[in-house]
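Observations on the three-dimensional arrangement
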Amino acid sequence: MESIQAIKQRFGIIGNDPKLNRAIEKAIQVAPTDISVLVTGESGVGKESIPKIIHQLSHRKHGKYIAVNCGAIPEGTIDSELFGHEKGAFTGATQTRSGYFEVADGGTIFLDEVGELPLTTQVRLLRVLENGEFIKVGSSKVQKTNVRIVAATNVNMFDAIKKEKFREDLYYRLSTVDINIPPLRERKEDIHLLFRKFSSDFALKYKMPTIKLADDAVPILQKHRWNGNIRQLRNVAEQISVLEQNRTISASTLQGYLPNGSNNLPAVINTSKSESDFSNEREILYKVLFDMKSDLNDLKKLTMELMKSGNVSEVEKDNEGLIQKIYGESQKDNYTEEFEDLEVLAIPEQADEDYHSDIKTQDKYHFAEEIEEEETLSLHDKELELIKKSLERHQGKRKLAAAELGISERTLYRKIKQYDL
Ligand SMILES: Nc1ncnc2c1ncn2[C@@H]1O[C@H](COP(=O)(O)OP(=O)(O)OP(=O)(O)O)[C@@H](O)[C@H]1O
Ligand SMILES: [Mg+2]
């Protein structure tokens, strides 16, 4: 049997925490059997390595390994993705298609975010687990498959069962063996080790000297909660590696990169506030964002018209209402100056020599582009901040964060992936 150390090396797992070692040991022990395994642990703890270890150390290693992100597949297509469909089963099903359970016959399927599976899919999954049988969508023919299932979740499955979102019988069937990966805050000794590893990786990647924590910064790193676990630690290491000129990182510099540190907290949000304060502030923030977005769209419209016509007074006359909306009554005179500056926007396509030789006008043109970009970026940043903040407040529990943000869990999930949170 391969040693735990060798496995860690092979799968790029850093850390010596006894609980992490135990999890890896369990994966090694259970690999040669066909037992279903449920990997549990908070978001970002490193659950995804476990099914890979299990597959690679099993007799199925020459078979297929398919990782399915149950949370990211729309509810309407997940049955077809997993079990396939017959030609004509639904609009757009122009051909018979094999699902993952058919394709991975003889191999392993990793069902990530298994708690997100719709109930109807759970019924189908239970059947495959019990007797290897499944039916394609739109078919009546029972098919057989021999697939090993490893599932993972970062939600509390007992909660999901209590709320009747997850079948209890399926839960027990999936979790014959439960492998728990502890959160980073319970692996204090590993935190600095991981930070050093990521720092050296990013130094290589960005061709810069490796950052190093000052002595007084190390305890701050170790005491932080790391709600986003290793994924968050790696992001912090990356940000610091890219942004800090001084490669020795002091305690206060580090603090600035941690949520609750001064650099990272959106000014209007304060963790000590009550729930309702928070949602009021959120509403205000949303309102500001929507207003900004709407102004931006109006500005885009005006800019386009100016670019097309090149005649400020004509555009001004046609868009009086809009201009007033963006600039307000009192600003009306000032805006004209700004717009006169931007008059050159109409020129690029029919540019003459003068335009190209006039650096000043070219600068203005770029200035207009930058305004637009910066506004968009700040919207993006605010969204990211709100999501981060809400996840922090709810210790990474997506359901609660999604409810608070007023978006569906699925949307939140996609955003987390999109921003690599
Ligand atoms: N022990 C470790 N050593 C090095 N890198 C790690 C370790 N654990 C996790 N990582 C890295 O951290 C990131 C997050 O890990 P992973 O994707 O496995 O998280 P997860 O538990 O599946 O989270 P989620 O529930 O959000 O999907 C990955 O890039 C992974 O490579
Ligand atoms: Mg994962």
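As the structure is a prediction and not an experimental result, all values here were calculated from the model.

Before going further, it helps to examine the overall build of the protein. A tally of regular secondary structure across the protein gives 20 helices and eleven strands. Relative to all contacts within the protein whose residues are 6 or more apart in sequence, the contacts with residues 24 or more apart total 69%. In the structure as shown, the protein presents an accessible area of about 22,200 Å², 51% of it carried by carbon and sulfur atoms.

Strand order in the open sheet made by the five strands is S2-S5-S8-S1-S9, with parallel pairing throughout. Either end of the sheet is taken by a strand with one partner, and the two such strands are strand S2 (65–69) and strand S9 (177–180). Recorded for the sheet is a direction-independent mean angle of 20° between the axes of neighbouring strands. Pairing between strand S1 (residues 37–40) and S9: four bridges, direction parallel. Each bridged residue has a counterpart across the sheet, and for Leu38 the counterpart in S9 is Asp178.

A few words on the side chain of His192. Mapped onto the secondary structure, His192 falls in helix H9 (residues 188–206). When near neighbours in sequence (up to four residues on either side) are disregarded, His192 contacts Leu213, Val218, Leu221 and Gln222.

Quick look at the packing of helix H19 (residues 398–405) against helix H20 (residues 409–419) now. Working note: a packed helix pair is described by the angle between its axes plus the distance between those axes. Packing of H19 against H20 brings their axes to within 9 Å, and their N-to-C directions diverge by 105°. On the basis of their axis angle, the class for H19 and H20 is roughly perpendicular. Residues Arg398, Lys399, Ala401, Ala402 and Leu405 of H19 form the contact with H20, whose own contacting residues are Glu409, Leu412, Tyr413 and Ile416. Across the contact of H19 with H20, the residue classes tally to six nonpolar, no polar and three charged.

In this section: the site of ligand 1. Neighbouring ligand 1 are 18 residues, the closest being Ile14, Ser43, Gly44, Lys47 and Arg234. At 3.3 Å, a backbone N or O of Val45 approaches an oxygen atom of ligand 1. Here ligand 1 is seated within the second largest pocket. With three residues, the top contributor of residues to the shell around ligand 1 is helix H11 (residues 229–243). Grouping the amino acids of the shell around ligand 1 by side-chain chemistry returns six nonpolar, five polar and seven charged.

This part takes up the layout of surface pockets. In this approach a probe as big as a water molecule rolls over the atoms, and the regions it shows empty are the leftover space. In this structure, the largest pocket encloses a volume near 1,100 Å³. For the largest pocket, the lining is made up of 49 residues, of which Asn227, Leu391, Gln395, Gly396 and Lys397 are closest to its centre. Listed by contribution, the elements that provide at least two residues to the lining of the largest pocket are S1, helix H7 (157–162), S9, H11, helix H18 (359–393), H19 and H20. In terms of residue count, the dominant contributor to the lining of the largest pocket is H18 (seven residues). Class assignment for the residues of the lining of the largest pocket results in 17 nonpolar, 17 polar and 15 charged. Forming the walls of the second largest pocket are 28 residues, and the residues nearest its centre are Gly44, Val45, Gly46, Ser49 and Ile230. Going through the elements one at a time, helix H2 (18–30), helix H3 (49–56), H9 and H11 are the ones with two or more residues in the lining of the second largest pocket. For the lining of the second largest pocket, the element with the most residues is H9, which contributes four residues.

How two aromatic rings sit relative to each other is set out by the distance from centre to centre and by the angle between their planes. Across all of its chains, the model carries five aromatic pairs by this definition. A ring pair is formed by Tyr171 and Tyr172, whose centres lie 5.1 Å apart and whose planes are at 70°; its orientation type is edge-to-face. Note on Tyr171: relative accessible area 8%, which makes it buried. Taken together, Phe83, Phe101 and Phe134 form an aromatic cluster joined through their ring pairs.

For the structure on display, the rule yields 16 salt bridges. A salt bridge links Arg60 to Asp34; its shortest N-O distance comes to 3.0 Å. Placement of the pair is Arg60 in the loop between H3 and S2 and Asp34 in the loop between H2 and S1, with a sequence separation of 26 residues. Given the relative accessible area of 3%, Arg60 is considered buried. We classify Asp34 as partly exposed; its relative accessible area is 41%. The residue Arg185 makes a salt bridge to Glu42 at a minimum N-O spacing of 2.9 Å. Within this pair, whereas Arg185 is found in the loop between S9 and H9, its partner Glu42 is found in the loop between S1 and H3, the two being separated by 143 residues in sequence. Relative accessible area serves as the criterion here: at 17%, Arg185 is assigned to the buried category.

Calculation criteria
- Residues numbered from 1 in each chain as written.
- Chains lettered and ligands numbered in written order.
- Predicted model: local features only at pLDDT ≥ 70, side-chain atom pairs only at ≥ 80, totals over all residues.
- Heavy atoms only, no water.
- Helix = DSSP H or I, 4+ residues; strand = E, 2+ residues; numbered from the N terminus.
- Contact = heavy atoms within 4.5 Å.
- Areas by Shrake-Rupley, 256 points an atom, 1.4 Å probe, with all protein chains shown as cover.
- Pairing = 2+ DSSP bridges.
- Axes fitted to C-alpha atoms, helices over the stretch in contact; angles between N-to-C directions.
- Parallel < 35°, antiparallel > 145°, perpendicular 65-115°, else oblique.
- Nonpolar A, V, L, I, M, F, W, Y, C, P; charged D, E, K, R; others polar.
- Near = heavy atom within 4 Å.
- Polar contact = N/O pair within 3.5 Å; in protein donor to acceptor, adjacent residues only side chain to side chain.
- 1 Å grid on protein atoms, 1.4 Å probe; cavity = no way out; pocket = protein on both sides within 12 Å on 5 of 7 lines; lining within 4 Å.
- Sits in = over half its atoms within 2 Å of the grid points.
- Points joined across faces, edges and corners; volume = space filled by probe spheres on them.
- Phe/Tyr/Trp six-rings, centres within 6.5 Å; stacked < 30°, edge-to-face > 60°.
- Buried < 20%, exposed > 50% of the residue type's maximum accessible area, 1.4 Å probe, protein only.
- Salt bridge = Lys/Arg side-chain N within 4 Å of Asp/Glu carboxyl O.

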